[in-house]
Each structure stands twice: as structure tokens, then as C-alpha cells.
Amino acid sequence: MQLYSTKNKKNLVSLKKAVMKGLPDDNGLFMPENIRPLPDHFFEELSNMSFVEIAQAVVSHLIGDDIPSQALNKLVAEAFNFPVPLVQLDDKTSVLELFHGPSLAFKDFGARFMARLMGYFNQAEKDQLIILVATSGDTGGAVASGFYQTPGIEVVILYPSGKVSPLQEKQLTTLGHNITALEVDGTFDDCQAIVKQAFLDKELNQQLRLSSANSINIARLIPQSLYYFEAFKQLQIAGNTLPVVFSVPSGNFGNLTAGILAKKMGLPIEHMIAATNSNDIVPKYLKTGQYEPKVSVRTISNAMDVGNPSNFARLKDLYKKEQCNTCDMMGKDIKGYAFDDTQTRKAVKEVDSKFKYIIDPHGAVGYLALKEYQEEYPETTGVILETAHPSKFIEDVEDILDKKIEVPIRLAKLANEPKSSIKLSTSYSDFKDWIEGFSF
Ligand SMILES: *Cc1c(COP(=O)(O)O)cnc(C)c1O
């Protein structure tokens, strides 16, 4: 598999290079050079395949022989060792539950796959690889558990002290082994600034092999295309004959971009629905053709509070090849809708009272977008991606529903685990002293 930078199509790199580097030097994003449709026999056999079998077939189709198939199949089976159920709400509405992994959010798919891919590519190296991540909450938990005990890889997570939820903090600070949490006396932006400076620090990079687990790494995008096939399969088994659409609660638009990859690999997706909260940059773009990034506003679906979605460059790139206007072409595949917190709260309530299903605020935005879409396109079956378990946002969900909700055991038991973090100031030199002195 070869990948190019969205800023320079001629500069091709191998999968290994793209995964280990994360970002091209020209500040673009890596994209697969060829996204070919899967063979007909894949679709004929789809309904008899398990999720792991689907994942193995799609991944090996996409990345070719960069990794021997036996090693690749093993890596995929280990990454996706949890179920991906599709729950039917009514005959035109289903919820794809993407929260059955260890951190209870869909980011487990990307993080677990990326960790194993990096571990594989790192095997031949004698020095440890140190992954630096700044997190405002969710990403850190998925990365920590994804890389936990990966041989040859150490993870250093920087998070803003007092600014992540107690359970999110426990997800970062209780694993130990190769996971180290740095509790920074500042904001998420301060954490991000330290990580950025570390990558630019030539002296530090001569001493240590540093890499990132950034959300724009192509290794996180590829696995997110897999569950679109799984949902389609489960609808097929349930006897669905209507055109299928996916409603994707979106922030940085990684998930939605991965759905477009699935479509390019031949999955018959009628439309992708870009569902956002008040951070409505992309729905606005789809309506007006103007891309206007903004400072993000806070909402109750906070993992989608993004004012300048990082994967938009990939979406633009995917639609650039066509001869006409990018936004027209994108608009043929993607329909965008945005909703505020008042609407989101009402939707959480409605889904509970109508379907006896507890949806989280992110999924609720997806639900609203699907309903609005289906007013125009009623003869469709919609799949809402439920990107996180409602208990991850327990305060808001219990407040909206005015009742207690169940917390899965794997999250609940974290509350009793002892926290272990290293406190740091926001100064880069403090960070540098620490990392130079730390024995990995
Ligand atoms: C990260 C996240 C999103 C947004 O996903 P993107 O791929 O960035 O669009 C939505 N919901 C939850 C719960 C998330 O953690």
C-alpha cells in the first residue's frame, strides 16, 4: 500500500512510514493511493462472515502485502475482540453500538488497531518507541488501553489536571506498565503545546524515538471503515431491502471519512449523514460551499466540540478528483444537519420513552439528523453510530432522564483503582527534564 499527502500527491510513502510518522512533513494528511472496490465474492459471502473475518478481508484488501497475511490476520483478531451489535429501534432505524471495547467509545477500534500495527512495524527496532499524546479526555483512554503492554512501546499521556472527568482520569492513570500519565497544571492546549514542542526539539529526538498516536494517523482511520460493513451485513441478515444510510455524530470527521472509504470499497451506502452539534462547520459548508472554521463552543456532546475538523482535508481530497465543484460532489454523498443542546436533550428523552433505549448525547445528535434526513428520504433504513456508552456522560444523561442509569462493570470498577500520575507545570523545560530522566 502506498500513501500520498493531501498536500502533494507525488510524494508516496509506505504504510510503515505513514503509520510511524503520523503526519507528512508538508502538513497534509496521508491518504491511500488506491481505494479499489472489494471483489464481488466478498459481498456474496458477507452475510456468512464474522466481524473479525470481515475485518481481515477488508484490511488485507486495502493494505495489500505490506504485512504477511498470517501476521495481519492475527493482529486484526486481537484488535477486534469485542462485539459490534446492531440494535433495531424500528423498521427504519437502528443503532450500531460501537462502545463494547475497553474504553467504551468507538475510538477503541482505531487505537487498538494502530497500537498493534505500530508494535508490528517496531519489532525490528532495538530502541523503545515513545508515544506522546495530549488528551482532553476520550482519546487518552482509548490510546492508553490500546497500547497497554504492547512490547517495545511506551506511552506518555499529558492531560490537564482537574479538567477531565473522574472516570476519564482513572482510564489514564490506573493501568501502569508501559503507560505513564503526566498531570499538567494547565489546560488541554498547554498539554498540546508541550507535545508539539517535543516533536520539534532536535536534541530530544536524537536521544529518544518519539511518535504520536494522533487521531489523524491513517492507522486509526482504516479500522473505522470496518464496522460499516458489519452493520450492512446485520441489516442484510435481518431482511432489509431498503437503501442504507449512516448517521454519524461527527467532530473531527474521522468516522465519517472512514464511511466514505467503505463506500469507495464498494459498500452500497445511499448517503452518509454528517450529524453535528452547534459546531456546525461542515453542515454549513454542505449548504453554502463556504468552509469557515470557528472557535469551538462547548456542548453536552463534547467529543464533537470541534471548530476546524482535522479530517476535512481528507474529505475535500476524496472529492477533488471529480471534475466539478467539490462541495456539489460531496453533497451528493453527504447530507449535513446540526442540532443544539436543547434539541439533543429532547432527543435523549424521546429515544428512551419511544424505544426504551438509552442513547448518549452524541448518538442523540445522530438520531436527530437521521429523523430530519428521513423526512426528505423516507424510503431508507438508517443506522445511527452510537459512538460511546451513555454512562461515559452519566451526569448529563441521568439529569436529562431523571433516573439512574447502569454503568458497565469494566467502567465502574475503575473508580476503586488507585490513581498514579506525575504532576508537572506547563513549562516545556520541566517536561524535558522529566522525560530525559525517566527510565523507560
Ligand atoms: C471522538 C468522538 C466523536 C467524533 O468522532 P470524529 O471521528 O472525530 O468525527 C463522536 N462521539 C464520541 C463519543 C467521540 O468520542
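Residues numbered from 1 in each chain as written. Predicted model: local features only at pLDDT ≥ 70, side-chain atom pairs only at ≥ 80, totals over all residues. Heavy atoms only, no water.

1. With respect to the sheet that holds strand S3 (residues 30-32)
- Pairing is antiparallel across the open sheet formed by 3 strands, whose spatial order is S2-S1-S3. A single partner strand is all that each edge strand has here, and the edge strands are strand S2 (8-14) and S3. Averaged over all pairs of adjacent strands, the angle between strand axes in this sheet comes to 40 degrees, irrespective of strand direction.
- Where strand S1 (residues 2-5) lies against S3, 3 bridges are found, and the strand directions are antiparallel. Each bridged residue has a counterpart across the sheet, and for serine 5 the counterpart in S3 is phenylalanine 30.
- Sitting on the sheet, helix H14 (residues 312-320) is in contact with S1, S2 and S3, with an inclination near 40 degrees to S3. (Pairing = 2+ DSSP bridges. Helix = DSSP H or I, 4+ residues; strand = E, 2+ residues; numbered from the N terminus. Axes fitted to C-alpha atoms, helices over the stretch in contact; angles between N-to-C directions. Contact = heavy atoms within 4.5 Å.)

2. Things to note about the packing of helix H16 (residues 341-355) against helix H17 (residues 361-376)
- Two numbers describe how H16 lies on H17: the axes approach to 8 Å, and their chain directions differ by 85 degrees. One finds that H16 runs roughly perpendicular with respect to H17. Contacts between H16 and H17 involve Gln343, Thr344, Ala347, Val348, Glu350, Val351, Lys354 and Phe355 from the first element and Pro361, Ala364, Val365, Tyr367 and Leu368 from the second.
- Residues of the contact of H16 with H17, tallied by class, amount to 9 nonpolar, 2 polar and 2 charged. (Parallel < 35°, antiparallel > 145°, perpendicular 65-115°, else oblique. Nonpolar A, V, L, I, M, F, W, Y, C, P; charged D, E, K, R; others polar.)

3. What to know about H16
- For H16, with 15 residues, the first-to-last C-alpha span of 21 Å sits near the 21 Å given by 1.5 Å per residue.
- Inspection of H16 places Asp341, Thr344, Ala347, Val348, Val351, Asp352 and Phe355 among the buried residues, and these make up the whole buried set. The buried side chains of H16 occupy one side of the element, clustering within an arc of 130 degrees when seen end-on. For H16, the exposed residues lying more than 90 degrees away from the buried face are Thr342, Lys346, Ser353 and Lys354.
- Next to the buried residues of H16 lie strand S4 (86-90), H17 and helix H18 (394-401).
- Taking the backbone nitrogen of threonine 342 as reference, a side-chain oxygen 3.2 Å away marks aspartate 340 as the first, capping residue of H16.
- Within two residues after H16, lysine 356 carries a phi angle of roughly 55 degrees, on the positive side. (Expected span 1.5 Å × (residues − 1). Buried < 20%, exposed > 50% of the residue type's maximum accessible area, 1.4 Å probe, protein only. Arc of directions from axis to C-beta. Polar contact = N/O pair within 3.5 Å; in protein donor to acceptor, adjacent residues only side chain to side chain.)

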